Amino acid sequence: MLTWKWKNFAELTPDELYLALELRQQVFVVEQKSIYLDADGYDRSAYHLLGMEDQPEAPWLAAYLRVLPPKTKYPQASLGRVVVAPEARRHGHGRVLVQKGIDFIEARYPRVPIRIGAQNHLRAFYEDFGFRAMGDVYDEDGIPHVDMVR
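The following paragraphs examine the structure supplied in this document. Counting from 1, residues in each chain are numbered in the order their sequence is written. Given that this is a predicted model, residues contribute local features only at a pLDDT of at least 70 and side-chain atom pairs are listed and counted only at 80 or more, while totals for whole chains, interfaces and linings are drawn from all residues. Side-chain numbers come from the whole structure's heavy atoms, not from hydrogens or water.

1. Observations regarding the nonpolar core
- What makes a nonpolar core is a set of buried Ala, Val, Leu, Ile, Met, Phe, Trp, Tyr and Cys residues whose side-chain atoms join them at distances within 4.5 Å. Residue burial is assigned from relative accessible area. The probe radius is 1.4 Å, only protein chains are included, and a residue is buried under 20% of its type maximum, exposed over 50%, and partly exposed in between. Core analysis: the largest hydrophobic core is formed by 36 residues, its most contacted members being Leu79, Tyr126 and Phe131.
- To qualify as a helix, a DSSP run of H or I must reach at least 4 residues; to qualify as a strand, a run of E must reach at least 2; elements of each kind are numbered from the N terminus. Elements with a contribution of two residues or more to this core: α1 (14–31), β2 (47–53), β3 (60–68), β4 (77–84), α2 (93–108), β5 (114–119), α3 (123–127) and β8 (143–149).
- Considering every element that reaches this core, the biggest residue donor is β3, with 6 residues.
- When near neighbours in sequence (up to four residues on either side) are disregarded, Phe131 contacts Leu79, Ile102, Ile114, Ile116, Tyr126, Met148, Val149 and Arg150. We call two residues in contact when some of their heavy atoms are within 4.5 Å.

Below is the structure:
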């Protein structure tokens, strides 16, 4: 069971920020063998969703995403850095994570479209949430991506 926490950048504790950056780098840089600068300048403007697994010895970050407000990166609001820790996969956390991100955007920015830059192999996953591809598949840091909007 995960405990879900929404925080803006200023509310993140140093430990939470470290865990988020560590998980993002573990998956997007190391696991996916994609060399890129994860700290892209958008984290300070974002809302961060942390899915924490409460463990007595130390809290553990199992799932994470960030929401960028409209007109931050795109004209639309956006979900990004959607990630589930390898050891937490296959438990449905990814679906819960994305739905919580959509719900947050719809509550905070009613009637504003949501845009994502999805890894192309996850296109069907995001289509289940109502996202539709816009444009062609493109290479981003060695991984095929497609822009999608909901």
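Now, onward.
2. Examining α2
- Between its terminal C-alpha atoms α2 stretches 22 Å, which fits the 22 Å expected from 16 residues at 1.5 Å a residue.
- Restricting attention to buried positions, one finds in α2 the residues His93, Gly94, Leu97, Val98, Gly101, Ile102, Phe104 and Ile105.
- Looking at the buried residues of α2, the elements they touch are β1 (2–8), β2, β3, β4, β5 and α3. Expected helix span is given by 1.5 Å per residue-to-residue step, counting one fewer step than there are residues.

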